[in-house]
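Residues per chain, in single letters:
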Amino acid sequence: MKRVFLIVMLSISFFTVQAQDRKSYEDKMNKLEKEYNSLVELYKTIAEKNPNSLTEADKEQMLEITVKADSLDSVQTVLTMEIVRKFKDSKFPAKYVEAAMYSLEYDELKEAVDSNSGYYNEPQMERPKKLLASFELRHPGMMFKDFEMLDLNGKMVKLSQWAGKGKYVFVDFWASWCGPCLREMPNVVEAYKRFHDKGLEIVGVSFDKDKKNWAAAVERFGMTWPQMSDLKYWESAAVSLYGIRGIPANVLLDPDGKIIALDLQGDNLQKKLEEIYK
């Protein structure tokens, strides 16, 4: 009888501790979300201004907001993986995996979408499962998949004209109608300016359906690297080949054409290239 009583008391103690731990993580995540949403609203206020009226102070503030948002994103990723590992046998991690899935590296997402976990069959896991399935088509270690499309001059070109030719190649999937792509583009332009002379090649793959809009965006942002598109929007051949579910998206290829990183943006792109060309 005493033994049964002891087991029951230990169980109660265990679940009480778990509940307290969950509350602690919930509080941290809620605080992060609140801070992030505040930054988004502040960024929107500035971004809605006429581009020609933006002052240097506005631009500097937008940059500061982006840096802060990236920092919060990094904290969210760390906390999410802690939750995944600490509460693997419960349903608790599901909503946090869904919220952070686009910030997780391939290996982290693969760990988080674990079919043996207690949360794998939760409704919130449907989107992370689909994202992982798309990553399986372009994860680090895979060789690039070739395709051909027209460039802006109407000439048929292949990705293999650059990939696997002895240089690092950054393949950027984007579109002129994609707001996040255009916000990220100055960072890509900066990367090209910094590292092209050291050997970096960039190939833009547009999901546009209107050639004029595509060409205008290329000129507007000063994208001086090769561009290609089949002008088929989400029916683009690249979508199924590389499992693209959202843009901006990208893969970084090593000199042999092997994928070594994917979806690098902001400081992560610059830091990765600095590591390569140090």
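Residues numbered from 1 in each chain as written. Predicted model: local features only at pLDDT ≥ 70, side-chain atom pairs only at ≥ 80, totals over all residues. Heavy atoms only, no water.

1. Some remarks on the pairing of strand β7 (residues 259-262)
Stage number 1. Strand direction decides the pairing type here: strand β6 (residues 249-253) and β7, joined by three bridges, are antiparallel. Across the sheet, residue L252 finds its bridge partner in β7, namely A261.
Stage number 2. Where β6 folds back on β7, the antiparallel hairpin that results is connected by five residues, among which G257 adopts a positive phi of roughly 95 degrees. (Pairing = 2+ DSSP bridges. Helix = DSSP H or I, 4+ residues; strand = E, 2+ residues; numbered from the N terminus.)

2. Here we look at helix α5 (residues 126-135)
Along an α-helix, residues three or four apart share an orientation, since each turn contains 3.6 residues.
Stage number 1. Taken together, the buried positions of α5 are occupied by P128, K129, L131, L132, S134 and F135.
Stage number 2. In this structure, the buried side of α5 is in contact with α3 (94-100), α4 (106-112), α8 (237-242) and β7. (Buried < 20%, exposed > 50% of the residue type's maximum accessible area, 1.4 Å probe, protein only. Contact = heavy atoms within 4.5 Å.)

3. A word on helix α2 (residues 56-86)
Stage number 1. In this model, α2 (31 residues) spans 45 Å end to end at C-alpha, consistent with the 45 Å of a helix rising 1.5 Å per residue.
Stage number 2. Those residues of α2 lying buried are D58, M62, I65, A69, L72, Q76, T77, L79, T80, M81, I83 and V84. (Expected span 1.5 Å × (residues − 1).)

4. Thoughts on the packing of aromatic side chains
Stage number 1. In the structure shown here, the tally under the stated rule is twelve aromatic pairs.
Stage number 2. Pairing Y168 with Y277 gives two aromatic rings, centres 5.9 Å apart and planes at 75 degrees, and the pair type is edge-to-face. Pair noted here: Y168 is in the loop between β2 (156-158) and β3 (169-174) and Y277 is in the segment after α9 (266-276), with a separation of 109 residues, a long-range link.
Stage number 3. Accessibility expressed as a relative area gives 23% for Y168, which makes it partly exposed.
Stage number 4. Classification of Y277 as buried rests on a relative accessible area of 14%.
Stage number 5. When the ring of F195 is compared with that of Y277, the centres are 5.7 Å apart and the planes differ by 25 degrees; the resulting orientation is stacked. Residue F195 is located in helix α6 (residues 179-195), and its partner Y277 is located in the segment after α9; the two are separated by 82 residues in the primary sequence.
Stage number 6. Judged by relative accessible area, F195 falls into the buried class, the value being 2%.
Stage number 7. Taken together, F147, F173, W177, F207, Y233, W234 and Y242 form an aromatic cluster joined through their ring pairs.
Stage number 8. Over the ring of Y25 we find K28; its NZ or CZ atom is 5.3 Å from the centre of that ring.
Stage number 9. A cation over an aromatic ring shows up here: K209 above the ring of Y233, its NZ or CZ 4.5 Å from the ring centre. (Phe/Tyr/Trp six-rings, centres within 6.5 Å; stacked < 30°, edge-to-face > 60°. Lys NZ or Arg CZ within 6 Å of the ring centre and 35° of its normal.)

5. Regarding the pattern of salt bridges
Stage number 1. Scanning all chains against the criterion turns up twelve salt bridges.
Stage number 2. The salt bridge partner of E56 is K59, with a shortest N-O separation of 3.8 Å. Of this pair, E56 and K59 both sit in helix α2, three residues apart, which is roughly one turn of that helix.
Stage number 3. Under the relative-accessibility criterion, E56 is labelled exposed at 60%.
Stage number 4. K59 sits in the partly exposed class, given a relative accessible area of 42%. (Salt bridge = Lys/Arg side-chain N within 4 Å of Asp/Glu carboxyl O.)

6. Focus: the environment of S229
Stage number 1. Of note, S229 is situated in the loop between β5 (227-228) and α8.
Stage number 2. Classification of S229 as buried rests on a relative accessible area of 2%.
Stage number 3. For the pair formed by S229 and Y168, sequence separation is 61 residues and the distance between their alpha carbons is 21 Å.
Stage number 4. The residues touching S229, leaving out its near neighbours within four places in the chain, are M149, L150, S206, D208 and W214.

7. What about the sheet that holds β6?
Across a sheet, strands are paired by hydrogen bonds formed along the backbone, either parallel or antiparallel in direction.
Stage number 1. Spatially, five strands are ordered β5-β4-β3-β6-β7 in an open sheet, and the strand pairing comes out mixed. Two strands in the sheet have a free side with no partner beyond their single neighbour: β5 and β7.
Stage number 2. In terms of strand pairing, β3 meets strand β4 (residues 201-206) through six bridges, oriented parallel. Of the residues in β4, the one forming a bridge with D172 is G204.
Stage number 3. The strands that α6 touches are β3 and β4; relative to β3, the one it contacts most, it runs at about 165 degrees. (Axes fitted to C-alpha atoms, helices over the stretch in contact; angles between N-to-C directions.)

Interpretation note: all reported values are geometric properties and have no functional meaning in isolation.
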